[in-house]
Amino acid sequence: MHQVVIPLERRGFGQTMRRDAWWAQPLLTFTVLGAFVVYATWAAFQGEHYEFGPYLSPFYSPLLFGEGPHSWFGPKPGWWPAALPFSAALLILWAPGGFRFTCYYYRGAYYKAFWADPLSCAVGEPRKKYLGEQSFPLILQNIHRYFLYLAILFLFVLSYDVWKAMWFTDVSGQTTFGIGVGTIVLAINTVLLSCYTLGCHSFRHLVGGVLDQFSQHPTRLKMYDAANCLNCRHMKFAWASLFSVALADLYVRLCSMGVVTDWRLF
């Protein structure tokens, strides 16, 4: 039987036989993720309007240096170079930012949306060969597991911020317990960030991926099952927590600027 060899032609960038709106998802990812990066960068360099009463923006938490009552070590340090703009957010945002940037889900999302690698299934790419993550600089993505440890520490800090957001100081200087809209905003953000972080693939491996027999580790099995449950919704929590952390910063910022009023529920 005669065999016919059909040569495969490489598609040019963006060429495809697909008739669906394959470009919609990468375009939406590019728009939303790009908008978040722009807003987060602007908010980080602002260096002001990041706290209001007992509320502290998650972009600035923990507040290592600052003028407000949330500061851990006092005002701007003397060793900070005078030629550089100072913002307390620049001292800490690299940790949660690094965790999110090296996240397994976000890698696939921004590889497609920003680098077109690949732009979409069965769509021509702008490069001729696949390099993967085995060489510099993408091999640095493997430090994601170490950023996980820092992200978990940040969850404790943000949880403490929610606790502090329940204590209000009146004009007489007396502190009373209460719940405001800002308290709920910060609490929701912390819950979503916890679901995103604890559903991470690295966390799932940390609590149970190295075990051979779960029957001998019942507690670890429960933790692994919980991580699996969150991991099944990892993409949803990744986007939900992205919106929540930006909205939490925006809410505190608008309250500090006097644009909106924080309503006390009780």
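Quick note: structure is the one above.
Everything numeric in this text was worked out from a predicted model, so none of it was measured.

Calculation rules
- Residues numbered from 1 in each chain as written.
- Predicted model: local features only at pLDDT ≥ 70, side-chain atom pairs only at ≥ 80, totals over all residues.
- Heavy atoms only, no water.
- Buried < 20%, exposed > 50% of the residue type's maximum accessible area, 1.4 Å probe, protein only.
- Helix = DSSP H or I, 4+ residues; strand = E, 2+ residues; numbered from the N terminus.
- Contact = heavy atoms within 4.5 Å.
- 1 Å grid on protein atoms, 1.4 Å probe; cavity = no way out; pocket = protein on both sides within 12 Å on 5 of 7 lines; lining within 4 Å.
- Points joined across faces, edges and corners; volume = space filled by probe spheres on them.
- Nonpolar A, V, L, I, M, F, W, Y, C, P; charged D, E, K, R; others polar.

Chemist: So what exactly am I meant to see when it comes to helix H2 (residues 94-101) here?
Modeler: The periodicity of an α-helix, 3.6 residues per turn, causes residues three or four places apart in sequence to face the same way. Among the residues of H2, those classed as buried are Ala 95, Gly 98, Phe 99 and Arg 100. Taken together, the buried residues of H2 touch helix H3 (104-115), helix H4 (144-164), helix H5 (181-198) and helix H8 (234-256).

Chemist: Hey, could you run me through unusual backbone geometry in this one?
Modeler: Excluding glycine, residues mostly carry a negative phi; peptide bonds, for their part, are mostly trans. Along the chain, Ser 61 connects to Pro 62 via a cis peptide bond; the corresponding omega equals 0 degrees. For Pro 62, the position within the fold is in the loop between strand S2 (55-56) and H2. Here the bond from Phe 136 into Pro 137 is cis, since omega is 10 degrees, no more than 30 degrees from zero. Of note in this structure, His 49 is not a glycine but carries a positive phi near 60 degrees. Summarising the element assignment, His 49 is placed in the loop between helix H1 (24-46) and strand S1 (51-52). What makes His 49 partly exposed here is its relative accessible area of 28%. A positive phi is found at Ala 122, a non-glycine position, where the angle reads about 65 degrees. By the element assignment, Ala 122 lies in the loop between H3 and H4.

Chemist: Just checking my understanding: could you explain the layout of surface pockets for this structure?
Modeler: Using a probe with the size of a water molecule, rolled over the atoms, empty space left in the structure can be pinpointed. By volume, the largest pocket is sized at about 730 Å³. If you trace the largest pocket, you find 31 residues lining it, with Phe 36, Leu 93, Pro 96, Gly 97 and Arg 100 closest to the centre. Looking at the lining of the largest pocket, the elements that each hand over two or more residues are H1, H2, H3, H4, H5 and H8. With 8 residues, the top contributor of residues to the lining of the largest pocket is H1. By residue class, the composition of the lining of the largest pocket is 25 nonpolar, 5 polar and 1 charged. Empty space within the second largest pocket amounts to approximately 340 Å³. Its residues assigned to classes, the lining of the second largest pocket shows 12 nonpolar, 4 polar and 1 charged.

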